[in-house]
Structures are given as C-alpha cells and as structure tokens.
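Coordinates in review
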Amino acid sequence: MTVDIADGVRPELDGTALLEQIEVLAGIGVDHSRPEAGRTRLALSDQDRLARDRLVSWMKELELEVRVDPMGNIFGILAGEDASCSNALMIGSHIDTVIEAGPLDGAYGVLSGLAVARTIRLAGLRPRRTLMVGAFTNEEGVRFHPDMMGSLFFAGGIGLEEARAARGTDGAALGDELRRIGYAGDADPAALRPAEYLELHVEQGPVLDSEGIDIGVVEDLQGISWKRIVIEGTANHAGTTPISMRHDAGFAAARGIVFLRELARDSGGTRTTVGTVFFSPGAINVIPSRAEFTVDMRDPDEDRLSRGEKGFMDFLDRLEGEEGVNVSVETLARFQPVRFDRGLADAIEAVAKGRGLSTLRMTSGAGHDAQMLARVCRTAMIFVPSREGVSHNPAEFTPSEQLVQGAKVLLDVALQRLGRS
Ligand code: GLV
Ligand code: MN
Ligand code: MN
C-alpha cells in the first residue's frame with residue numbers, strides 16, 4: 001500500500017541507531033596506539049574502503065538498492081511509488097576525512113540519511129517519491145585535489161578521465177586506487193541525478209554554539225580558491241652568505257604567508273590559510289633552494305575573492321624581483337560561491353520552528369558536496385552546532401541530543417518532500 005507520508009503519518013527517528021552507527025564509523029581509521037589523534041580515512045585509502053564496506057552493508061540491511069558510479073560515489077536507493085531518480089530526493093555527504101579528523105564531519109550527514117531511510121522502513125511506509133542516500137568520494141580533497149571531487153564529477157563538472165588521472169599527495173593515481181579498493185562502479189551518474197538534495201552537517205564553526213541556536217538554515221556557501229605555490233631560489237651556506245646576497249626561497253614563502261594574513265585582515269571578509277609548507281633541501285644550515293606551500297582562500301563574495309586572488313598574484317610578481325626567486329602557481333581548486341534553494345531553506349526553517357527549535361539563516365564557511373549538487377538540482381543544508389566551533393580536529397564534538405535533533409529536522413523535511421509527487 002502506498003501511503004502519502006506528508007499527510008498525517010509522522011513516524012519518529014531512532015536516535016540510538018544513528019548514534020551507534022556514528023560511533024562505529026568513527027572507530028574506522030583510528031590508530032589505537034594514538035587514540036588522541038582521532039581518525040584518518042583519506043579518500044580511497046584502506047581505511048576509506050573499510051568505512052565504505054560498512055556503509056554498503058548498512059544500506060543492504062535496509063534493503064536499499066546500492067549503486068556505485070565510476071568515481072566511487074555510493075548511492076542507496078529506496079524506491080518510491082515514482083521510482084525515477086530524476087524526481088528523487090537525495091540526502092548525502094561524505095565519509096572520507098582529513099588527517100586526524102573528528103567523528104562527525106561528513107559521516108553525520110550520510111548516516112542521518114540512513115536514519116531517515118530506516119525510519120521509513122520501520123514504519124512500513126512507501127513514499128511517493130524515491131529517496132536516495134549518497135556518499136561522495138574525496139570531499140575533503142586532502143589526498144587528491146580538487147576537494148568535492150566525487151560530487152563535482154556527479155554534477156558533470158569534471159570528466160572521468162581527468163578525475164581518475166589525479167595524483168594523490170602520495171603519488172598514487174586516483175583511478176588505480178578506486179580499482180584497488182573495489183569501488184570503480186559502472187552506474188551512470190547522469191541517470192542518478194535527483195530533483196532535490198539535502199545535506200545535514202555539523203557547522204564546523206562557532207556561530208550556533210556561541211549564540212545558543214539549535215539549527216542553522218544554510219542559505220549560501222563561500223567561494224573557494226586553492227593554489228599551490230612553488231618558489232625557487234638558491235641553496236647556499238647559512239653561515240657565510242650575506243643576507244643581501246641571498247635568494248632564499250624559505251624567506252620568500254614566509255613573506256607570502258604574512259601577506260596572505262594581512263590581505264585577509266584588511267579585506268572585510270576573505271579568509272586565507274597556508275596549511276602546508278615544505279622547504280628543500282631541508283637542513284638547518286642550508287638556505288632553502290625551494291619552498292612549496294598551499295593557499296586556501298575563501299569568501300562568500302565572488303568579486304572580493306577574485307580581488308584577493310589578483311592581489312596575491314601581483315604580490316608574487318613583486319616578490320620575484322625583490323627576492324631574486326622564481327615563482328610558479330598552480331590552481332588546485334576554484335569554486336564560486338553558491339546560493340541554495342530558497343524554498344527548501346524555508347521548509348527547513350518552518351520544520352525546525354515547528355519542533356520548537358531556534359534557527360539562524362547562515363553562510364557555510366566550509367565546502368560541502370551540496371555546493372556541487374546545487375549545479376544540478378534544488379539544494380539546501382541544515383547545520384547543527386559544533387562545540388566551540390572546533391572541526392578538522394579530533395576534538396570535534398556535538399552533543400548527542402543536538403545530533404538527533406538535527407536528524408529529526410532532516411526527517412521531517414524529507415517526509416514532507418517525499419510525500420509529494
Ligand atoms: C572541507 O572540509 C573544506 O575544506 O571546507
Ligand atoms: Mn564535510
Ligand atoms: Mn571537512
């Protein structure tokens with residue numbers, strides 16, 4: 001029997017099952033000799049494979065049809081009366097992590113999607129529209145660039161050959177790693193694109209926690225610019241080479257790092273981070289001949305982000321002359337800011353308020369798969385608070401009640417949408 005689950009029927013979500021699955025996934029990638037280091041499940045690593053296998057087994061327990069596309073994106077499908085994916089609602093996120101990650105970034109969203117599917121199964125309901133739960137490959141972009149690569153591919157923003165040719169920070173080719181871990185699937189991504197996409201995520205910033213607000217209704221998301229900078233100077237003796245005669249790649253890199261911080265300080269909204277730096281040859285008494293560093297620059301305003309990029313490029317031109325070094329720049333990722341669907345955002349806000357929760361319309365500071373899905377379907381995001389705004393850190397934490405609360409908001413929105421044909 002088909003039930004219109006928008007009207008009248010209101011099954012409740014099993015928070016215990018959700019929390020248990022979060023804990024199980026959080027245990028994959030933990031180095032038990034260093035539990036304080038959190039978990040590391042870099043995209044397409046052995047740890048990622050273990051987490052994927054677990055996710056797929058959970059999907060099968062719920063009798064979802066599991067499909068894997070050629071980028072290793074995993075989908076669990078709960079067919080509705082209308083079995084088409086083109087009219088489906090997808091709930092998704094990612095299960096790869098950064099190095100030494102917390103337990104929630106990404107995993108919370110995917111497992112909340114499963115919790116919605118479980119609720120529907122346990123209530124014996126069949127929605128009018130199809131529900132898909134998605135886990136996208138390499139959202140974090142730590143091992144392979146760009147970030148959000150699986151969802152970018154899914155949305156048609158990067159070709160399969162280019163994506164599979166990407167080299168990891170360890171030199172491995174993405175395509176080889178996909179095959180090695182058994183997740184080079186054959187499902188056609190274009191045939192799996194949904195009509196709507198929801199992503200539930202921890203905020204990863206301090207706003208909700210510090211203001212005591214329950215639910216973030218995410219309206220837009222910052223543009224992201226990632227670059228790799230290589231500076232070539234001349235190695236020489238640290239004790240004998242006068243300062244005025246140096247072509248010190250390390251010092252030039254340091255000037256770049258300081259410039260970026262000052263650019264952010266004076267910009268009115270740009271955020272800049274240098275998260276990796278390598279000097280060669282790397283010896284205490286040798287002036288570095290080569291410096292390599294990465295730049296993460298973000299802004300919700302595209303014009304200001306472009307101005308920031310241009311300002312930094314002009315600075316690097318000057319730096320070459322002033323320090324007598326060669327500078328080369330490689331773009332690793334560049335995504336424009338995104339505005340989410342207003343109707344979906346309104347639905348999230350109304351549902352949260354209906355549950356007596358406080359809400360705040362906000363911008364996402366972090367990148368998310370939703371940013372890519374917004375290219376192909378109506379998309380919105382729900383945030384729950386992150387304690388003290390800590391994320392990309394093993395100490396990332398959200399109280400269980402708030403995790404379950406967020407999943408219940410997701411469930412209500414999903415049931416509303418799924419009931420409508
Ligand atoms: C993804 O976590 C990002 O870097 O925003
Ligand atoms: Mn994430
Ligand atoms: Mn992340």
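Above this text you will find the structure in question.
I will try to describe carefully the structure that is included in this document. (Residues numbered from 1 in each chain as written. Chains lettered and ligands numbered in written order. Predicted model: local features only at pLDDT ≥ 70, side-chain atom pairs only at ≥ 80, totals over all residues. Heavy atoms only, no water.)

**Focus: the pairing of strand β5 (residues 196-202)**
- Within β5, seven of the seven residues are buried, which leaves the element mostly enclosed by the surrounding structure.
- Here β5 shows two buried faces, one formed by E196, L198, L200 and V202 and the other by Y197, E199 and H201.
- As judged from the three bridges shared by strand β3 (residues 89-93) and β5, these two strands associate in the parallel manner. Each bridged residue has a counterpart across the sheet, and for I91 the counterpart in β5 is L198.
- Pairing of β5 with strand β14 (residues 378-384) involves seven bridges; the strand directions are parallel. (Buried < 20%, exposed > 50% of the residue type's maximum accessible area, 1.4 Å probe, protein only. Helix = DSSP H or I, 4+ residues; strand = E, 2+ residues; numbered from the N terminus. Pairing = 2+ DSSP bridges.)

**Observations regarding the site of ligand 1**
- Close to ligand 1 lie E139, E140, R298, A366, G367 and H392.
- Take E140: an N or O atom from its side chain is 2.9 Å from an oxygen atom of ligand 1.
- Within the backbone of G367, a nitrogen or oxygen atom sits 2.7 Å from an oxygen atom of ligand 1.
- Classifying every residue of the shell around ligand 1 gives one nonpolar, two polar and three charged. (Near = heavy atom within 4 Å. Polar contact = N/O pair within 3.5 Å; in protein donor to acceptor, adjacent residues only side chain to side chain. Nonpolar A, V, L, I, M, F, W, Y, C, P; charged D, E, K, R; others polar.)

**With respect to the coordination of the manganese ion (ligand 3)**
- Protein coordination of the manganese ion (ligand 3) is provided by D105 (OD), E140 (OE), E140 (OE) and H392 (NE2), with donor distances spanning 2.1 to 2.4 Å.
- Donor residues for the manganese ion (ligand 3) sit on one chain with the sequence pattern D-x34-E-x251-H.
- In this model, the manganese ion (ligand 3) sits 3.7 Å from the manganese ion (ligand 2), the two metals being bridged by D105. With E140 in the loop between β4 (131-135) and α4 (149-154) and H392 in the loop between β14 and α12 (400-418), this pair connects stretches of sequence that are 252 residues apart.
- Residue classification places H392 among the partly exposed positions, given a relative accessible area of 44%. (Donors = N, O, S within 2.8 Å, 3.2 Å for Na, K, Ca; no water.)

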